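So you can see what is in the structure, the chains are spelled out below.
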Amino acid sequence: MNTTITNTNPNSPEVQVTSPYLQIQLDSVTPALIPMQYAQEVLTFPSRRITPMPNLPDCLLGLLNQRSRIIWVADLGQMLGKKPINRNLQQYNLAIIRWQNIPLGLVVAQVKGVIRLVPELIESPVGNVAESLVPYLHGVYQRADDTSWLVLAAETLINSSLLHSR
């Protein structure tokens, strides 16, 4: 994992280690983070590149052929109980995650970039978010402006029963 040593307070002798996270928006009001160790690639691509498949769970959009590799593509917001992505869009924002050499494309409302956080400041999701979200999270990061960022667990998303049902 890439880490950088930074000192967040110049008057403090403490040194804090930060880790990179990919910042995304699930919908207009829900920010989330993916640890960069699981983020493989970010794309904006024409929605017509996804090949729909019959009898898929609602949150699975289909298959994407990216560099001669076939990747399942899911609507991350819908997986997590948020508003589904508009399937009439001309382009999708996609974050491809990988866990144990298994890729999964996650369509999101927006990819905002990479930020660095002190991992110790990430709190348990239990009691901080809806119970249905807890299995998909490593935790919640509370910003100073009272915004909560969901810190996603790539392994749980890839192995979700929502993707493997039917």
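A brief look at the structure comes next.

Let us look at the side chain of Asp75. Of note, Asp75 is situated in strand S7 (residues 69-75). Excluding anything up to four places from it in sequence, Asp75 contacts Cys59, Leu61, Pro84, Ile85 and Val107.

This part is about the side chain of Thr30. Examined against the element boundaries, Thr30 turns out to sit in the loop between strand S2 (16-25) and strand S3 (31-35). Here Thr30 falls in the buried class, since its relative accessible area comes to 9%. Excluding residues that lie within four positions of it along the chain, Thr30 makes contacts with Ile24, Gln25, Lys82 and Leu150.

This part covers the nonpolar core. Within the largest apolar cluster, 30 residues are counted, with the highest numbers of intra-cluster contacts made by Ile24, Ile34, Leu76, Leu152 and Leu157. Counting only elements with at least two residues in this core, the list comes to S2, S3, helix H1 (76-79), strand S8 (91-99), strand S9 (102-108), strand S12 (137-142), strand S13 (148-152) and helix H2 (154-158).

Within S2, eight of the 10 residues are buried, which leaves the element mostly enclosed by the surrounding structure. The sheet contact formed by S2 and strand S10 (residues 110-117) spans seven bridges and is antiparallel. Along S10, the bridge assignment pairs Gln23 with Gly113.

Analysis parameters
Sequence positions are assigned chain by chain, starting from 1 and proceeding in written order. pLDDT decides what is reported in this predicted model: residues at 70 or higher carry local features, side-chain atom pairs at 80 or more are listed and counted, and totals for whole chains, interfaces and linings draw on all residues regardless. Note that the side-chain values use all heavy atoms of the structure and ignore hydrogens as well as water. Helix numbering and strand numbering both begin at the N terminus, where a helix is a DSSP run of H or I of at least 4 residues and a strand a DSSP run of E of at least 2. What makes two residues a contact is simply this: any of their non-hydrogen atoms within 4.5 Å. A 1.4 Å probe rolled over the protein chains alone gives each residue an accessible area, and that area as a share of the maximum for its type sets the label: buried under 20%, exposed over 50%, partly exposed in between. We define the nonpolar core as a collection of buried residues of types Ala, Val, Leu, Ile, Met, Phe, Trp, Tyr and Cys that are connected through side-chain atoms lying within 4.5 Å of one another. Any two strands with at least two DSSP-identified bridges between them are counted as paired.

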